[in-house]
Amino acid sequence: MDFQADPGLEVFRQEVRQFLRDKVPAELKGLARCTRSPRDQILKWQKLLNAHGWGAPYWPTEHGGTGWSVAQMLVFDEECTVAGTPTQDGFVQKMLGPVLNAFATPEQKAEHLPAALEGERLWCQGFSEPGSGSDLASLRTRAVRDGDHYVVNGQKIWTSYAHHADWIFLLVRTDASGKKQAGISFLLVDMRTPGITVRPIRSIDDAHHLNETFFDNVRVPVKNLIGEEGAGWSVTKFLLNNEHATTADLPDIRRYMRELMRIATTLPVGAGRLIDCPEFALKLARLDAEHEAIGMLVQRVAELDIRHDPASHVLGSILKLRATELQQRITEAQVEALGDYGAVAYAHPHDPAPAQPYPLQDLARGITNDMFLRRASTIYGGTSEVQRGIIAKLLFRL
Ligand SMILES: Cc1cc2nc3c(=O)[nH]c(=O)nc-3n(C[C@H](O)[C@H](O)[C@H](O)COP(=O)(O)OP(=O)(O)OC[C@H]3O[C@@H](n4cnc5c(N)ncnc54)[C@H](O)[C@@H]3O)c2cc1C
């Protein structure tokens, strides 16, 4: 792994900046801080990127992607975060897209890939169930074959953004007789199919990201099965292994650090600023060093992922663990730095600004929300305890 500055990368950075400056309309820039944009913004942004040939920044060229190097992908993410553009649909970009490219039939690809890339369709992920999260293979949502359809019954939970999604990729049990991993199948389901009910779960940051999703005699065409019936576990392992480098949310970590630095250099404390307090300056320096280390680890893991190197499994788990804990520590430091206003400034960035502006509104808005939201980082994508188990098993061959 070469960490030396690459002059070609600077040229690429300028190209991305020029695109953001000249081709992106004002309505898609300078947007409120968030980990996932509202539906209409994601779709508009996707259309614009696709028209520019950048619809799939993380995919190889043979699958209609940009073919960018890992370093280029990171520069692209970084510049978009600085410009405040909307997010893309991570479910299709980082999870389902690579699965379709690897496992789908030509007809399935033709049906689903253009619609996602052209900004026509959003997806959500229907894996977890009450009682089947870490132990995903124990899932019980059933799909029973009836002619050229499956009839699906059961419940999913924590289905992020199901209320914004047009389609869901779903794990179902098609056979309960053998080993639990063997009877799982991977289906694509149109969210408008009769029998699907989405019920909101309000989370601790006072926003609606999460849902319960119920399936009551939902008829799904057999042509929407990805891979063989009963082979869904291999597809799932492929999907989860692809996710390693992205679970770090590096652009968000970098944004949190920039915001923390801004608070520290702006906020008056006594006769000086917060950054003049030696204890706080030390804390900031430590967080900054860790954030740089995570940046390097993201690059290493992404390179290993691309080469399907088995070392990516253990390093990916180490990255997930360290990066999500860092997200929590930086956002906690932001709230701590705001002092009393960390609590007062509680308003979701997508809500209208309060009529009575409070002190520090510019600095503080949305920060407490993110601190609460990030409590979940060490749960989704595999909990920290589960990551520690994987690391121990892989390193020590338990
Ligand atoms: C904000 C958020 C968004 C999510 N989005 C989605 C989504 O879009 N789609 C989706 O399908 N799912 C989603 N999830 C679900 C997520 O994948 C699960 O919450 C996660 O896998 C943990 O499962 P669980 O909640 O059932 O907890 P459990 O698996 O029941 O775990 C409970 C506790 O036991 C510990 N534990 C469990 N097994 C072990 C073990 N083997 N060793 C040591 N400790 C263990 C865990 O670490 C945890 O502390 C989301 C979750 C959150 C919080």
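Heads up: the structure comes first, above all this text.
On a predicted model such as this, the values are computed, not experimentally measured, just so you know.

### Some thoughts on the site of the ligand
Then step 1. Around the ligand, the structure places 17 residues, and the nearest of them are Phe-127, Gly-133, Ser-134, Thr-383 and Glu-385.
Then step 2. Counting residues per element, the shell around the ligand draws most heavily on helix 13 (residues 384-396), which supplies 3 residues.
Then step 3. Split by residue class, the shell around the ligand holds 7 nonpolar, 9 polar and 1 charged.
Then step 4. If you count residues domain by domain, the shell around the ligand takes at least three from each of domain 2 (123-231) and domain 3 (243-396).

### Notes on the pairing of strand 7 (residues 210-221)
Then step 1. Pairing between strand 3 (residues 149-157) and strand 7: 8 bridges, direction antiparallel. Note that in strand 7 the partner of Val-151 across the bridge is Arg-219.
Then step 2. In this sheet, strand 7 lies alongside strand 6 (residues 196-201) in antiparallel orientation, the contact comprising 6 bridges. Note that in strand 7 the partner of Arg-199 across the bridge is Glu-212.

### Structural notes on the nonpolar core
Then step 1. Within the largest apolar cluster, 46 residues are counted, with the highest numbers of intra-cluster contacts made by Leu-96, Trp-123, Ala-165, Ile-168, Leu-187 and Val-189.
Then step 2. Both domain 1 (7-88) and domain 2 (123-231) contribute no fewer than three residues apiece to this core.
Then step 3. Contacts of Leu-96, omitting those with residues within four sequence positions, involve Phe-91, Trp-123 and Phe-169.
Then step 4. Within the second largest apolar cluster, 32 residues are counted, among which are Leu-274, Phe-280, Leu-326 and Ile-330.

Reading the values: the criteria
- Every chain begins its residue count from 1, and numbering advances along the sequence as written.
- Predicted model: local features are reported for residues with pLDDT of at least 70 only, side-chain atom pairs are reported and counted for 80 or more only, and whole-chain, interface and lining totals are derived from all residues.
- A residue counts as near a molecule or strand when its C-beta atom, positioned from the backbone, falls within 6 Å of it.
- Runs of H or I in DSSP of at least four residues are treated as helices and runs of E of at least two as strands, each being numbered from the N terminus.
- In this classification, the charged set is Asp, Glu, Lys and Arg, the nonpolar set is Ala, Val, Leu, Ile, Met, Phe, Trp, Tyr, Cys and Pro, and all remaining amino acids, among them Gly, are polar.
- A domain assignment, automatic or from a database, supplies the domain bounds used here.
- Strands pair, by our definition, only if DSSP identifies at least two bridges between them.
- Only buried residues count toward a nonpolar core: Ala, Val, Leu, Ile, Met, Phe, Trp, Tyr and Cys, linked into one set through C-beta atoms within 7 Å.
- Exposure is read from a count of other C-beta atoms within 10 Å of each residue's own; the residue is exposed at 12 or fewer, buried at 20 or more and partly exposed in between. C-beta atoms are placed from the backbone.
- We call two residues in contact when their backbone-placed C-beta atoms lie within 7 Å.

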